[in-house]
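# Structural characterization, general
Residue-level listing of the chains:
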Amino acid sequence: MSATWAPTARSGRGLRRYLTERPAQPERCGLCAAPVADTDHRHLADTEQRSLICACPSCFLLMERPGAGAGRFRPVPARYLTDPDHRLDARAWDTLRIPVSVAFVFRNTALDRFVALYPSPAGATESEGEPEAWTTVLGESALAGLLEPDVEALLLRRTDDDCACFLVPIDICYELVGRMRLLWQGFDGGSEARAALDAFFAHVETLARPVGTEDRP
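Okay, so let's go over this structure. (Residues numbered from 1 in each chain as written. Predicted model: local features only at pLDDT ≥ 70, side-chain atom pairs only at ≥ 80, totals over all residues. Heavy atoms only, no water.)

### With respect to the sheet that holds strand β4 (residues 81–82)
How we decide: One requirement defines pairing of two strands: DSSP has to find at least two bridges between them. Per the convention used, a helix needs a DSSP run of H or I reaching at least four residues, while a strand needs a run of E reaching at least two, with both numbered from the N terminus. Pairs of residues are marked as contacts when any of their non-hydrogen atoms sit within 4.5 Å. Simply put, an axis is a line fit to the C-alpha atoms, just over the touching stretch for a helix, and the angle between two N-to-C directions goes from 0 to 180 degrees.
If you trace the 7 strands from one edge of the open sheet to the other, you get β7-β6-β5-β8-β9-β4-β10, paired in mixed fashion. Each edge of the open sheet is held by one strand with a lone partner, namely β7 (123–126) and β10 (209–210). Examined bridge by bridge, strand β5 (residues 102–108) and strand β6 (residues 113–120) share 5 bridges and lie antiparallel to one another. Looking across to β6, one finds that F104 is bridged to L117. Where helix α4 (residues 131–138) meets the sheet, its contacts fall on β5, β6 and β8 (152–158), and the angle it forms with β6 comes to roughly 95°. Packing of helix α7 (residues 190–207) onto the sheet brings it into contact with β5, β8, β9 (163–169) and β10, and relative to β8 it is tilted by some 125°.

### Quick notes on the side chain of E152
Note the threshold: With a 1.4 Å probe rolled over the protein chains alone, any residue whose accessible area is under 20% of its type maximum counts as buried; one over 50% counts as exposed, and the rest are partly exposed. Any N or O atom pair separated by 3.5 Å or less is treated as a polar contact, with the protein-specific requirement of one donor-capable and one acceptor-capable atom, and with residues adjacent in sequence counted only for side-chain atom pairs.
Here E152 shows up in strand β8. With a relative accessible area of 0%, E152 lands in the buried category. Within the structure, E152 has its side chain in polar contact with the side chain of R79 (distance 2.7 Å). In terms of polar contacts, E152 uses its side chain to reach the backbone amide nitrogen of E148, at 3.0 Å. Apart from residues lying up to four places away in sequence, E152 is in contact with P77, R79, F106, L146, L147, L167, V168 and I170.

### So, the environment of H86
With respect to the secondary-structure elements, H86 resides in the loop between β4 and α3 (90–96). Taking the C-alpha atoms as reference points, H86 and C165, separated by 79 residues in sequence, lie 8.7 Å from one another. Leave out the neighbours within four places in its chain, and H86 touches V137, L138, E140 and S141.

See below:
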């Protein structure tokens, strides 16, 4: 004789736990677990795990002290710079062998070399170009000399007329990767992704200051 299952009042309450959408959990500091603002908080680069973690103001300030955390956690700066005297042309871009129009490059201390990534539907994809090519193309820029390993990146974008290059916090590069992955449609990303990309770079341009003027009021 088969038995049928009928929900009781108790089992109904249990089911509702799974059927009801759970409220979003607040962002928390990766070091002390204190809540942080959802959209306006700083990040630390975990050089051992090669990842970014959220930081509350107290932990961020603590990690800015020399020797804090044995150097494992590095605060991501907030500066945006551009070098008007160093322009990239189409030939330089072709040397980098990037299959899309946007990429970012940073110096990885664990690997002791430049690492180049670009947004794709699968997330951040590493460029197959030779690391020496990045040194050749970007080495003459003042931005490359100022670049802080692991926490800053050179963000590049090729358009029909130009190849722009900015020194930016590395966390915004991964923010861009996440946004493109969310919006990407079809082979070329689609109109919504392109519009978001235009808005993103327009915002970066408003923040970027010419190299050499960053300390001026």
